[in-house]
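Working through the structure, step by step
Here is how the chains run, residue by residue.
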Protein chains: 2
Amino acid sequence: MPAGRGVDEVLASVRDRLDPDSEERAALRATVDELVARTRAAVDSLGLSAEVEHVGSTARGTWVSGDRDIDVFVRFDTDLDRDALERAGLQVGNTILPDGQEEYAEHPYVHGEFDGFEVDLVPCYRVESATEIASAVDRTPFHNDYLDTRIDDDLAGEIRLLKGFLKGIGVYGSDLRTQGYSGYLTELLALVYGSFEAVLEAATGWQPPVVLDPEDHAERRFEDPLVVIDPTDPERNVAAVVNEANVARLIHNARAFLAEPDPEYFFPPARQPLPPEGVREEIRSRRTTPVAVRFDSPDLVDDQLYPQLHRSLDGLVRGLETEGFDVLRSETWADTTAVLFVELAVARLPAVERHGGPPVHVEAHAERFLEAYEDADVYGPFIDGDRYVVERERQTPRAIDFVEDRLLEVALGTHVETALANGDYQVLAGDSILELSEEFGEELAAYFDPTA
Amino acid sequence: MPAGRGVDEVLASVRDRLDPDSEERAALRATVDELVARTRAAVDSLGLSAEVEHVGSTARGTWVSGDRDIDVFVRFDTDLDRDALERAGLQVGNTILPDGQEEYAEHPYVHGEFDGFEVDLVPCYRVESATEIASAVDRTPFHNDYLDTRIDDDLAGEIRLLKGFLKGIGVYGSDLRTQGYSGYLTELLALVYGSFEAVLEAATGWQPPVVLDPEDHAERRFEDPLVVIDPTDPERNVAAVVNEANVARLIHNARAFLAEPDPEYFFPPARQPLPPEGVREEIRSRRTTPVAVRFDSPDLVDDQLYPQLHRSLDGLVRGLETEGFDVLRSETWADTTAVLFVELAVARLPAVERHGGPPVHVEAHAERFLEAYEDADVYGPFIDGDRYVVERERQTPRAIDFVEDRLLEVALGTHVETALANGDYQVLAGDSILELSEEFGEELAAYFDPTA
């Protein structure tokens, strides 16, 4: 182990960058006060009854310096019907954030800028307990209540460290692209274990499935690799979205950081995009056959887009493997365009493929098989073990032909399928692969230098 | 079904060619009488006591016209010790067949020509029952006794038909190259079912494992696909050597022949050797990569050689597949030289290969894996699911390099390994594959036109 800096020294320097200073805190406080007051006035002017509540990390003092997100929830009485709630929510939102955009979670809500902060103004129901909620957003105020009394200034600092660490290693965020750790989950982990270091120490020994139940009130079992029972809802796993790779990444990086603490875990240097020449060199040295499908990104929010892309990539990989093409690795990226990228072991397979038939002794199947190949231009039927075999012409010996001609045969995500159905996509292979470096240079850099 | 000839008509014409005529029978009879008389005299002159017995198909009238094999057994008293029996057996054999060769089954025996016939002169013990035998050959006289009383002229004709059929479809012979139906097994099948056609009718419905026990006295179970309990030994499967492909071939050809009887099943046209140009065309049209190892045939009898070659071929195929090379088909042939022939899907693989590591959460294994690849020139370690992965340099990206440089790493038959250990072999690929056509033109013709 090289004699690097100790954990305390590293964390002290990291805290300097993560903790908001008094000026930042004061600015936030002033903005929130103004925002809440205006929202209350807007609710009153509609003649409705609602509680207005500042929630989330800025409400709990657990935000990381530089974060500019303020969440304000408007909790309407439950006798308001859903349509009325949605209308009222948007009216209030549009009043406070006149340049904001309507967004959709389970309810519609308004997102916009206010005083230089990113504000979500979210309507929900004021229910008695988190188990009675009508939609997921109704739960947020309960999370806020639960944490508010339990997070003191010290723990808030530990939470910021953990957030910074999870961000730095790339696993922070419960969106369906990241499939990582939400803010609420991060806070619960720090609360359960007591400190940033204690979370990391614990993670080094995690044996998934890891089950944590802070209130010891779980009312069901989960199959997820990480289970953290919601203290406000005994039937919910707060960590349901965390995939097993992101559990493994936390375990790996916790061990690595504790063995050799370094601020780079929190603030990794930006990756340099890989230029076309670099992509060419990688492909040449790996001697693989990359093939990519590129198309305009479907007009979907990320939480819909990425599951669609992953499903489509899985379908493409399975399709290629069913044809006999080994896929070494595959990835999907999206920006203005979306890309399904597969790296194949070989560009082409033999002109013939082995096709196994039924056992010779199963007469009805045997008869059908023999009839099917009676006049066909195949090798055989011959016998291998107790079965018939033919070697028949392979439909698509070149991988690129499969991707070009048979892409729509594979199981694609519905929206991706629609986007591709009119042939509006390009298949890149050989030198044209290098074009990807313009839009996805950083992704390609990460692809060809993968880390844990 | 095309309106071809009926079974009866076809079998009548086939019988004409299979049944020895009276002249052939008389010639055989005369030769056997002379041979047995001389053998008795030779035994007497040694002052030993032994029964001399003509056994096998020529003794039972079940030989196929043109077969020239005469088996004479000399059954010594059991008080003769084994060395003395072997010495006496060879002495008698060499006296009768002065130009014969000593061969080795379980006892040594003498094989030679007599009057234009191929004669085996085999010493054995005269034991009371087949279950008391000291070696496999001691059993033969019991088989002879059992069948002698049960085979009349009609049944002998049916047996000749069945032999002719099994020969014609390539499954006759219990040697370890063919792994097919012995003469004794053929006779038992005809005896059990009653006629040639009845055997074929039965075979069309066989559901392996098929178990026949003519004397209903089995004293153990067998795992073989075809089990025929020896009427002279309740613990022996007469069909033990028949592999599942040869069971399947009989089923297939029985169905095919009965559906459309044709003398060609008995007398298939000779295959024309495939000339080098034909081999080239096949490879070009299949777009595969054949690679062959050629070496001088080890000096072994076929029953030792072929198991060795098959074991070596299996080892080579497994070795290539472990390296990531798909083997479409493989064969081994032997004559003056022996060949291990593999037909690969591709000639080369990427320069990198995926290497899966341990689950990240298994700390001791994880640590060892990370240490092993810490300073190595690999992609990663990165995380896939709950495991570490690296992509490392592939040791042998070209299949031919594997066969040339790493052949002795694979599990070869012992004698083959010895033969190759000094590097005394050639690896053929590309155009040099065509050289095989000179020695193995017929085998290559069959390889590229495989039938059931």
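What counts, and where the lines are drawn
- Residues numbered from 1 in each chain as written.
- Chains lettered and ligands numbered in written order.
- Predicted model: local features only at pLDDT ≥ 70, side-chain atom pairs only at ≥ 80, totals over all residues.
- Heavy atoms only, no water.
- Helix = DSSP H or I, 4+ residues; strand = E, 2+ residues; numbered from the N terminus.
- Buried < 20%, exposed > 50% of the residue type's maximum accessible area, 1.4 Å probe, protein only.
- Contact = heavy atoms within 4.5 Å.
- Areas by Shrake-Rupley, 256 points an atom, 1.4 Å probe, with all protein chains shown as cover.
- Lys, Arg positive; Asp, Glu negative; His and termini not counted.
- Charge placed at Lys NZ, Arg CZ, Asp CG, Glu CD.
- Expected span 1.5 Å × (residues − 1).
- Least-squares fit on C-alpha atoms with pLDDT ≥ 70 in both.
- Phe/Tyr/Trp six-rings, centres within 6.5 Å; stacked < 30°, edge-to-face > 60°.
- Lys NZ or Arg CZ within 6 Å of the ring centre and 35° of its normal.
- Buried area = accessible area lost by both parts, 1.4 Å probe.
- Salt bridge = Lys/Arg side-chain N within 4 Å of Asp/Glu carboxyl O.
- Polar contact = N/O pair within 3.5 Å; in protein donor to acceptor, adjacent residues only side chain to side chain.

**Here we look at the overall build of chain A**
- The secondary structure content of chain A amounts to 15 helices and 15 strands.
- Each of the three principal axes of chain A carries a C-alpha extent, and together these read 85 × 65 × 45 Å.
- By residue count, 51% of the 452 residues in chain A fall in the buried class.
- Counting contacts in chain A only where the partners sit at least 6 residues apart, residues at least 24 apart contribute 66% of the total.
- Only carbon and sulfur atoms are counted for the fraction: they give 43% of the accessible area of chain A, which is about 20,600 Å².
- Looking at chain A, you have 41 positive and 92 negative side-chain charges, and the mean spots of the two groups are 3 Å apart.

**So, helix H11 (residues 302-322) of chain B**
Residue and element names in this part refer to chain B.
- For H11, which comprises 21 residues, the first-to-last C-alpha distance of 30 Å matches the rise-based estimate of 30 Å (1.5 Å per residue) to within 8%.
- Leu305, Tyr306, Gln308, Leu309, Ser312, Leu313, Gly315, Leu316, Val317, Gly319 and Leu320 are the residues of H11 that are buried.
- Contact partners of the buried residues in H11: strand E9 (289-296), strand E10 (327-334), strand E11 (337-344), helix H13 (399-406) and helix H14 (414-421).
- Positive backbone phi, approximately 105°, marks Gly324, located one or two places after H11.

**Things to note about the relation of the copies chain A and chain B**
- Mapping chain A onto chain B leaves a residual RMSD of 0.2 Å; the transformation is a rotation of 180° accompanied by 0.0 Å of translation along its axis. In symmetry terms, the pair is related by a two-fold rotation axis. Judged by C-alpha distance, Val346 of chain A is the residue of chain A that lies nearest the rotation axis, at 3.9 Å.
- Of the residues that chain A buries at the interface, 100% are likewise interface residues in chain B, meaning the two copies contact each other through the same surface.

**Regarding the packing of aromatic side chains**
- Under the defined criterion, the tally for this structure stands at 32 aromatic pairs over all chains.
- Ring plane angle 85° and centroid distance 5.5 Å describe the contact between Phe257 of chain A and Tyr265 of chain A, whose orientation is recorded as edge-to-face. Across the pair, exposure class does not vary: Phe257 of chain A and Tyr265 of chain A are buried alike.
- Members of the aromatic cluster, each reached through a chain of ring pairs, are Phe165, Phe196, Phe257, Tyr265, Phe266 and Phe267 of chain A.
- The cationic tip of Arg150 of chain A hangs over the ring face of Tyr146 of chain A; the distance from NZ or CZ to the ring centre is 3.7 Å.
- The ring of Tyr379 of chain A has Arg286 of chain B lying over it, and the distance from NZ or CZ to the ring centre is 4.2 Å.

**Observations regarding unusual backbone geometry**
- The residue after Gly380 of chain A, namely Pro381 of chain A, is reached through a cis peptide bond having omega 0°.
- Relative to the elements of secondary structure, Pro381 of chain A occurs in strand E13 (residues 379-384).
- Here Asp115 of chain B, not a glycine, exhibits a phi torsion of approximately 60°, which is positive.
- Relative to the elements of secondary structure, Asp115 of chain B occurs in the loop between strand E4 (108-114) and strand E5 (117-125).

**Some words on the interface of chain A and chain B**
- Contact residues are listed per partner, giving 45 residues for chain A and 45 residues for chain B.
- When chain A packs against chain B, the two sides together hide about 3,900 Å² of surface, and 57% of this comes from carbon and sulfur.
- Contact with chain B buries surface across chain A, with His361, Tyr379 and Ile383 of chain A losing the most and accounting together for 16% of the total.
- Along the contact surface separating chain A from chain B lie 6 salt bridges.

**Thoughts on the pattern of salt bridges**
- Scanning all chains against the criterion turns up 54 salt bridges over all chains.
- The salt bridge involving Arg406 of chain A is made with Glu323 of chain A; its shortest N-O contact spans 3.1 Å. Of this pair, Arg406 of chain A sits in helix H13 (residues 399-406) while Glu323 of chain A sits in the loop between helix H11 (302-322) and strand E10 (327-334), placing them 83 residues apart in sequence.
- On the basis of relative accessibility, which here comes to 13%, the residue Glu323 of chain A falls in the buried class.
- Across the pair Glu435 of chain B and Arg294 of chain B runs a salt bridge, and its minimum N-O distance is 2.8 Å. Placement of Glu435 of chain B in the loop between strand E15 (426-429) and helix H15 (436-447) and of Arg294 of chain B in strand E9 is noted, with a sequence separation of 141 residues between them.
- On the basis of relative accessibility, which here comes to 40%, the residue Glu435 of chain B falls in the partly exposed class.

**Brief notes about helix H4 (residues 82-96) of chain A**
Residues and elements named next belong to chain A.
- Over its 15 residues, H4 runs 21 Å from end to end, which matches the ideal 21 Å to within 8%, given 1.5 Å per residue.
- Looking only at H4, the buried set comprises Ala84, Leu85, Ala88, Gly89, Leu90, Val92, Gly93 and Ile96.
- Those residues of H4 that are buried lie in contact with helix H2 (22-45), strand E2 (69-76), strand E3 (101-104), strand E4 (108-114) and strand E5 (117-125).
- The N-terminus of H4 is capped by Asp81, whose side-chain oxygen sits 3.2 Å from the backbone nitrogen of Asp83.

**Brief notes about the environment of Ala50 of chain B**
Residue and element names in this part refer to chain B.
- Structurally, Ala50 is set in strand E1 (residues 50-55).
- Taking the C-alpha atoms as reference, Ala50 lies 8.7 Å from Tyr125; in sequence the two are 75 residues apart.
- If sequence neighbours within four positions are ignored, Ala50 has contacts with Val43, Val74, Arg75 and Phe76.

Functional significance is not addressed by these values, which are geometric in nature.
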